[in-house]
Amino acid sequence: MRIHIATDHAGLDFSTHLKNHLTDAGHEVIDHGPAEYDPIDDYPAFCINAAKGVIADQQAGVQALGVVFGGSGNGEQIAANKVQGIRAALVWNTSTAELARQHNDANVISIGARQHTIEEATGFIDTFIAEPFSFEERHARRIAQLAEFEATGTIAGKHVDA
């Protein structure tokens, strides 16, 4: 599987570990940056590029997921979710990693690099990559509603305030 990753300065050390770990597990890793430490870097472009890479691959029929991380993971998740078609979930334990895939068919996860050990974060990522979407009707229906709202600003048959 192709895995797109991005971070900010807070996750740069973790990104080196993650690239090696994922490559050793047989994945192709695309690193969207940063390439070097800059304590005042801006993560949005890195995370948006990773998310765009995931969507481009998925639309081309390539199995792909994304991992973005920073100090808390919050801003990185927000940035990734600005890309149409991305469902980025903030993950803080194994259960949230599983549920992000099972229930939300998340295609990107975000992790707070300052909130977890390297071993914990690596475990969350491995769980996320291995877990399939459940394809349960209720979850598929909800994901379709989110995609519909993203594309049209409304959800057919549902009240969405203007």
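Residues numbered from 1 in each chain as written. Predicted model: local features only at pLDDT ≥ 70, side-chain atom pairs only at ≥ 80, totals over all residues. Heavy atoms only, no water.

Asker: Where do I start with the sheet that holds strand β1 (residues 2-7) in this structure?
Answerer: Either a parallel or an antiparallel arrangement is found when strands of a sheet pair, and the pairing is made through backbone hydrogen bonds. Strand order in this open sheet of 5 strands is β2-β1-β3-β5-β4, and the pairing throughout is parallel. Strands with a single pairing partner mark the edges of an open sheet, and in this sheet they are β2 (28-31) and β4 (88-90). Mean inter-strand twist for the sheet, computed between neighbouring axes without regard to direction, equals 25°. Of the strand pairs in this sheet, β4 and strand β5 (residues 108-112) are connected by 3 bridges, and their pairing is parallel. Paired with Leu90 across the two strands is Ser110, which belongs to β5. The strands touched by helix α1 (residues 12-24) within the sheet are β1, β2 and β3 (64-70), with β1 carrying the most contacts at an inclination of about 170°. Set on the sheet, helix α5 (residues 118-130) makes contact with β1, β3 and β5; between it and β5 the angle comes to about 170°. (Pairing = 2+ DSSP bridges. Helix = DSSP H or I, 4+ residues; strand = E, 2+ residues; numbered from the N terminus. Axes fitted to C-alpha atoms, helices over the stretch in contact; angles between N-to-C directions. Contact = heavy atoms within 4.5 Å.)

Asker: Help me understand the packing of aromatic side chains, please; the structure alone is not making it clear to me.
Answerer: Aromatic rings considered in pairs are described by the distance between their centres and by the relative angle of their planes. All told, the structure shown has 2 aromatic pairs when counted by the stated rule. In this structure, Arg101 packs its charged tip against the face of Phe128, placed 5.7 Å from the ring centre. (Phe/Tyr/Trp six-rings, centres within 6.5 Å; stacked < 30°, edge-to-face > 60°. Lys NZ or Arg CZ within 6 Å of the ring centre and 35° of its normal.)

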